[in-house]
Amino acid sequence: MTPSATVTMSKMRAILIKDGQGPIENLYIGETDKPVPTKGQVLVKIVAFGLNRMDHYQRQGGYPVPPGASSILGVEFSGRVTELGEGVTRWAVGDEVFGLVGGGAYAEFVNCDEGLLLKKPGHLSWVEAASIPENFVTAYQALVKYGEVKKGDHVLVHAGASGVGIAAIQIARELGAATVTATASTTEKLDWLRSIPNGATHTVNYRTEDFAAEVKKTTNGKGVDIVIDFVGQSHWARNVESLAIDGRMTILATMSGSEVPTVNLGAILYKRLRIQGSTLRSRSLQYQTELITRYCHNIA
C-alpha cells in the first residue's frame, strides 16, 4: 500500500437527514459507513426498528445526541448478530436479539453494547420485539425503580395509549397493582386500553373529565400511590391532588409545557410526596446495563 492509499470502509444504507435537521421531508435513504464493533460491542443486522417521539425531536433539532452515540436516528431495534467485538461472551453470530442504543437504529446495521441486548423470544415477531426496549425499559424505570410499585398499589398513567404508557399499564398490572387508571383523549383509545391483556382497570378522558376526582372515587378517597406523567404543566395541580399520602410521581416529559405558574408546596410537604424526573437515553452505559438486567430478572 502506498502512503497515499486510503482504506475504504464498507458501506450500508441508513435513513439520514438532509442538512442534519429539519422537517420530515428532509429524511432520505442514503449511504454511510457501516459500523465496526469495538470492545464489548455486537454488530447487529437490523430487521425492524422502533419509532419514538424523541426521534421526531432529534430530527427537528430539539434533542441533542448523547456523547459518543450515532447521529443516525433510532434507539430500539431487533435483528441478528453478525459480528462480535473483542471480549464479547454473551452472544454468538446468528443470535436473534433486540436491544437499546443511543442512536443508529434507522439503518441496516447497528453497534450495540452486549449488555443492552436481549434474546428475542420465538413468540414475538421482529416488529413486536423492536417495539419493546425503549418503551418497556423506560416504563420499568419510572414505575419500579422510582415509583417502587408494589402489590395493592393504585397507579395513574397519563398518555395511556403511548408506547411507554401502554408498557407502564401492563407492568403495573403484572406486578399486582390494585387499580391502574389510564388517561387519554378519545373514547376509542380508552376502550382499547381496557380491552388489552393486563390493560387499564379504569380510564379517564382528560379532555372532558377531572382525573383527580375520578381516581379519588376509584380509590375510595385515598388517591393513587404512583403517577406516571408525560404532560407536565397542565396536569401538575391535579397530579398533586390525585396522589395519596407518601405518593410518588415520575415525570417523563413535559408535553404541555415545563413551567408551572404557581405551586402549592404545602400539599407536597404534608402528603410527604416524592417527585422524580427521569430520562434514559442520556444515562451511562453501566446504569442502562444494570437497569436492563433488573428488567429481565423481574419482568421479561
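Look up a bit, the structure's there.
Let me sum up the structure you'll find in this document. Every value quoted in this text rests on a predicted model; they were computed, and no experiment measured them.

With respect to the sheet that holds strand β3 (residues 41–49)
Line of reasoning, step 1. The strand order across the open sheet built from 5 strands is β6-β3-β4-β5-β7, with neighbouring strands paired in antiparallel fashion. Both edges of this open sheet fall to β6 (109–113) and β7 (117–119), since each of them pairs with a single strand only. Averaged over all pairs of adjacent strands, the angle between strand axes in this sheet comes to 45 degrees, irrespective of strand direction.
Line of reasoning, step 2. When strand β5 (residues 96–100) meets β7, the two strands line up antiparallel, connected through 3 bridges. Looking across to β7, one finds that Phe98 is bridged to Leu118.
Line of reasoning, step 3. Against the sheet, helix α3 (residues 133–146) makes contact with β4 (76–84) and β5, and its axis sits at roughly 55 degrees relative to β5, the strand it touches most.
Line of reasoning, step 4. Running at roughly 20 degrees to β7, helix α9 (residues 285–298) makes contact with β5, β6 and β7 of the sheet.

Things to note about the packing of α3 against helix α4 (residues 163–174)
Line of reasoning, step 1. It is at 8 Å that the axes of α3 and α4 come closest, and there the two elements cross at 55 degrees. Taken together, α3 and α4 sit at an angle that is classed as oblique. Crossing handedness for the pair α3 and α4: right-handed. Residues Asn135, Phe136, Thr138, Ala139, Tyr140, Leu143 and Val144 of α3 lie in contact with α4, whose contacting residues are Gly163, Val164, Ala167, Ala168, Gln170, Ile171 and Ala172.

Quick notes on the pattern of salt bridges
Proximity of charged atoms lets side chains of opposite charge pair with each other.
Line of reasoning, step 1. Enumeration over the complete set of coordinates arrives at 10 salt bridges.
Line of reasoning, step 2. A salt bridge links Arg194 to Asp191, with the nearest nitrogen and oxygen atoms 2.5 Å apart. Residue Arg194 and its partner Asp191 are both found in helix α5 (residues 187–195); the two are separated by 3 residues, about one turn of the helix.
Line of reasoning, step 3. Among the ionic pairs, Lys222 bridges to Asp225, the shortest N-O distance being 3.1 Å.
Line of reasoning, step 4. With a relative accessible area of 43%, Lys222 lands in the partly exposed category.
Line of reasoning, step 5. With a relative accessible area of 5%, Asp225 lands in the buried category.

Analysis parameters
Residues numbered from 1 in each chain as written. Predicted model: local features only at pLDDT ≥ 70, side-chain atom pairs only at ≥ 80, totals over all residues. Heavy atoms only, no water. Pairing = 2+ DSSP bridges. Helix = DSSP H or I, 4+ residues; strand = E, 2+ residues; numbered from the N terminus. Axes fitted to C-alpha atoms, helices over the stretch in contact; angles between N-to-C directions. Contact = heavy atoms within 4.5 Å. Parallel < 35°, antiparallel > 145°, perpendicular 65-115°, else oblique. Left-handed = near helix turned anticlockwise from the far one by under 90°. Salt bridge = Lys/Arg side-chain N within 4 Å of Asp/Glu carboxyl O. Buried < 20%, exposed > 50% of the residue type's maximum accessible area, 1.4 Å probe, protein only.

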